[in-house]
Amino acid sequence: MCCGILKGFGGLGAIVALILVVVALLKQLILLVGFLLTALKVAIIVVFVAVMVMIVLAIWRDRCRKRNEGI
């Protein structure tokens, strides 16, 4: 009788432990996806700023050329 109860608790403990491991892994997965999305947003912003700087530099260079040609 006693051994049957211990086996039952052992099986139940294994299931509970498996559920806790799955929950912990899901939390880590959610954190990883959140970090990757943040990194992607930062990369998009950096690329946008770089394109804007290149456009401003192209306009400025063109104005400098036109000023030098007029002289």
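Look a little higher up for the structure.
Given the structure is predicted, the values throughout are model-derived calculations rather than measurements.

So, how was this worked out
- Residues numbered from 1 in each chain as written.
- Predicted model: local features only at pLDDT ≥ 70, side-chain atom pairs only at ≥ 80, totals over all residues.
- Heavy atoms only, no water.
- Helix = DSSP H or I, 4+ residues; strand = E, 2+ residues; numbered from the N terminus.
- Buried < 20%, exposed > 50% of the residue type's maximum accessible area, 1.4 Å probe, protein only.
- Areas by Shrake-Rupley, 256 points an atom, 1.4 Å probe, with all protein chains shown as cover.
- Salt bridge = Lys/Arg side-chain N within 4 Å of Asp/Glu carboxyl O.
- Patch = residues over 30% accessible without salt bridge, like charges linked within 9 Å, V, L, I, M, F, W, Y side chains within 5 Å.

A. Spatial organisation of the overall build of the protein chain. The helix and strand tally for the protein chain stands at 1 helix and 0 strands. Of all 71 residues assigned to the protein chain, the portion counted as buried reaches 0%. Total accessible area on the protein chain stands at roughly 6,700 Å², and carbon and sulfur atoms take up 80% of it.

B. Seen up close, the pattern of salt bridges. Taken as a whole and judged by the stated rule, the model has 1 salt bridge. Between Lys66 and Asp62 there is a salt bridge, and its shortest N-O distance comes to 3.6 Å. Here the residue Lys66 and the residue Asp62 both occupy positions in helix α1 (residues 2-70), the gap between them amounting to 4 residues, near one helical turn.

C. View of a nonpolar patch on the surface. Taken together, the side chains of Leu18, Val22, Leu26, Leu29, Leu32, Val33, Phe35, Leu36, Leu37, Leu40 and Ile44 make up a nonpolar region of the molecular surface, amounting to roughly 1,100 Å² of accessible area. Structurally, the position occupied by Val22 is in helix α1. The class of Val22 is partly exposed, set by a relative accessible area of 42%.

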